[in-house]
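One-letter residues, chain by chain:
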Amino acid sequence: MVVVAGSAWVGTAHGEHGQGHDRGGLEFALKPKGLGQAGQFQFSVDGPAVNYFAQFLGDGFHVESSTDLKQWHDVELLKATDEETVFQDGGGSTKSRFYRVRYEGGTSTWGIIRDRILGPNCAGCHSEGTTFAKQSDLILTPDAAYGQLVNRKPANTYALDNGLELVGTEGLASVGKSFLWEKINTAEGQHFYDDHPGYGSLMPLRMDPLTDGELKFILQWILEGAPEHGTVARVADLANLERYARPPFTPLAKPDSGIQLHVGPFDVPANFEREFFMYKNLNNQKPVYVNRVQIEMKPGSHHFIGYLLDPSRPFFPFAKRLFVPNKIRDLHLSSGEDDPLVLATMAFHDFFAGTQTSRLDYAFPEGVALKLPAQTGLDLNTHYVNRTGEPSTGEVYMNLHTVDKAAVKHEAKIINMNNTDIDLPPGRETTVTADFRAPETMNIFQLFSHSHEKTIEFRVEIAGGGRDGELLYISYDWKHPPVMKFDPPLVLKRGEKIRLKTTYNNWTDQTINFGLRSTDEMMILFGAYY
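Keep in mind that this is a model prediction, so the values were computed, not measured.

The rules behind these values
- Residues numbered from 1 in each chain as written.
- Predicted model: local features only at pLDDT ≥ 70, side-chain atom pairs only at ≥ 80, totals over all residues.
- Heavy atoms only, no water.
- Helix = DSSP H or I, 4+ residues; strand = E, 2+ residues; numbered from the N terminus.
- Expected span 1.5 Å × (residues − 1).
- Bend = angle between axes of the 7 residues up to and from the residue.
- Buried < 20%, exposed > 50% of the residue type's maximum accessible area, 1.4 Å probe, protein only.
- Contact = heavy atoms within 4.5 Å.
- Salt bridge = Lys/Arg side-chain N within 4 Å of Asp/Glu carboxyl O.
- Pairing = 2+ DSSP bridges.
- Axes fitted to C-alpha atoms, helices over the stretch in contact; angles between N-to-C directions.

> Hey, could you run me through helix α2 (residues 109-123) in this one?
Since there are 3.6 residues in each turn of an α-helix, residues three or four apart along the chain are aligned in direction. The end-to-end C-alpha separation of α2 is 18 Å, well short of the 21 Å expected for 15 residues at 1.5 Å each. When the local axis directions of α2 are compared, the greatest deviation, roughly 40°, occurs at Ile 117, which is followed within four positions by the proline Pro 120. Along α2, 11 of the 15 residues are buried, which leaves the element largely enclosed by surrounding structure. Within α2, the full set of buried residues consists of Thr 109, Trp 110, Gly 111, Ile 112, Ile 113, Arg 114, Ile 117, Leu 118, Asn 121, Cys 122 and Ala 123. On the buried face of α2, the contacting elements are α4 (145-149) and α9 (212-223).

Okay, structure coming up:
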């Protein structure tokens, strides 16, 4: 019987395997220490792994005879653990012999992550020459993925400033600093969007989240130091195909101090986008100050917005009769046309609060609040997209939490930068830019984008001056754009400019322009400042 200590070294015996990644057909050279010592093996050192062979020989490896050496005799693996590897050698010990170990199992842990997880879910966007690869400076095709991920800094400036790396090799210490883990850990999505809106969007984009098994597999790999070779996670865990599901829709409890608004339930026909308005009187006898907004929507919503009405605009005395309280005003008619009277009411809107995410809980900075004038109301705009063959149901709750005027040091103002000059030729990517000048000194504490399905990237930058090109906001997901919080606030002086820079992929054979449906496009930056 032969015992090989776990401290032995092993490396790949063939050049292609020593150049970065294994392909499931690994071969390792074993050599006795010397003539007459057939039982004392050492492993050739031909690659980076330590204890690789000792740890994983038992899962898919076996020893076979060499085709080029005649001295091969029966060798049987008896034991393979982290501590020791045991062979039974029935051959003579009078000559030095080379043994070869052939791998017949699945690929290494990294190989599985690379081929079975990153390949199908990520490599399509993160491949050489694609927009996403350029924007993120990240390629995840099999030939490059390991070197692109491990011990490498992210291109995202917010993650970089927070000291993150894509994947580190320090085990547990690397999990909390892994930008990859932040981007794929869907169960912590609320934390991701609430606490790190500058990180962009959860991945994989526009696909189902990774399964619980895949996430556990990747997490274990990071905990074990993210090795390129070897098995450090259980393949059996991948059998868990459950995925994170957003908690079920739950009506919001009424705020202790504030106003609750409720729309629905209402029907959304099959294969239809239902967008409507409903005016709600707030019945407030004096001005109120809102310092926190909660919104909860049933699945299927594209957005929900509450608009104040601007009575100073021309013809408002005639138009105000159209805002009948608690009456639904559908924008899209069953004929496919838009109702001209509903379109006309949109001219009197001033954005107050809203979101595209199905759940929002946004608290303003200390001492900052939005003012709702006395005797006012909100025109509630609900937009649901149903692309299935079955009707669905929509419903929305909105809580406006209020504080006493004495607690308000700064009255917030709304940012609404809207570019309608959008012309997207068919079958190509187009980047549209628009600059907006600050009308006064702005202490910006909130930003979020609004666009539609053909958006690849929505960037917001400083335009001109010494800060030209400074990134303020970025989103890759038109359905769930993050709400960016600035604490301390971002200061923009009067006359300085903000640039919206949005890239679209118009995969259709029709030119796409600005429009109200999700199949049209928009380019809007919302936010708040004081």
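> Explain the pattern of salt bridges here, please?
Two side chains carrying opposite charge are able to pair once their charged atoms lie near each other. Enumeration over the complete set of coordinates arrives at 20 salt bridges. With its nearest N and O atoms 2.8 Å apart, the salt bridge here joins Arg 359 to Glu 296. Taken together, the residues Arg 359 in strand β14 (residues 359-363) and Glu 296 in strand β10 (residues 288-297) connect sequence positions 63 residues apart. Looking at Glu 296, the relative accessible area reads 3%, which means it is buried.

> Please clarify how the sheet that holds strand β22 (residues 442-450) should be interpreted in this entry.
Sheet strands line up and pair through hydrogen bonds in the backbone, either parallel or antiparallel. Taken in spatial order, the 4 strands of this open sheet run β19-β28-β22-β25, and their pairing is antiparallel. Of all the strands in the sheet, just β19 (413-418) and β25 (484-492) have a single pairing partner and so form its edges. Across this sheet, the average inter-strand angle for adjacent strands is 35°, counted without regard to direction. Inspection of the sheet shows β22 paired to strand β28 (residues 524-529) by 6 bridges, in the antiparallel sense. Across the sheet, residue Phe 448 finds its bridge partner in β28, namely Phe 526.

> It is not clear to me how α9 should be interpreted in this structure. Could you clarify?
Under the 1.5 Å per step criterion, the end-to-end length of α9 is 16 Å for 12 residues, consistent within 8% with the ideal 16 Å. Along its buried surface, α9 packs onto α2, α4, α6 (172-175) and α7 (179-184). Positive phi shows up at Gly 225, right after α9, with a value of about 95°.

> Would you explain the pairing of strand β16 (residues 377-386) in this entry?
The side chains of a regular strand alternate between the sheet's two faces. Burial of β16 is extensive: 10 of the 10 residues sit out of reach of the surface. Side-chain alternation along β16 places Gly 377, Asp 379, Asn 381, His 383 and Val 385 on one buried face and Leu 378, Leu 380, Thr 382, Tyr 384 and Asn 386 on a second face that is also buried. As defined by bridge partners, strand β9 (residues 272-281) adjoins β16 across 10 bridges and the pair is classed as antiparallel. Looking at β16, one finds that Glu 275 is bridged to His 383. One ladder, built from 6 bridges, connects strand β11 (residues 301-309) with β16; its direction is antiparallel. Residue pairing across strands places Gly 306 opposite Leu 380, the latter belonging to β16.

> For this particular structure, what's the right way to read the environment of Pro 269?
Among the structural elements, Pro 269 can be located in the loop between β8 (258-268) and β9. Given a relative accessible area of 37%, Pro 269 falls into the partly exposed group. For the pair Pro 269 and Tyr 384, spaced 115 residues apart in sequence, the C-alpha separation works out to 9.8 Å. Beyond its immediate sequence surroundings of up to four residues, Pro 269 is in contact with Asn 386 and Pro 391.

> Got a minute to help me understand the environment of Thr 511 in this structure?
Relative to the elements of secondary structure, Thr 511 occurs in the loop between β26 (497-506) and β27 (512-513). On a C-alpha basis, the gap between Thr 511 and Pro 426 in space is 5.1 Å, while along the polypeptide they are 85 residues apart. When near neighbours in sequence (up to four residues on either side) are disregarded, Thr 511 contacts Asp 423, Leu 424, Pro 425, Pro 426 and Asn 506.

> Hey, could you run me through the sheet that holds strand β24 (residues 471-475) in this one?
If you walk across this open sheet you meet the 4 strands as β21-β26-β23-β24, and the pairing is antiparallel. Because the sheet does not close on itself, it has two edges, and the strands there are β21 (428-437) and β24. With direction set aside, neighbouring strand axes in the sheet form an average angle of 15°. The pairing of strand β23 (residues 455-463) with β24 spans 4 bridges and is antiparallel. Its bridge partner lying in β24, Phe 458 is registered against Ser 475.

Purely geometric stuff here, so don't read any function into it on its own.
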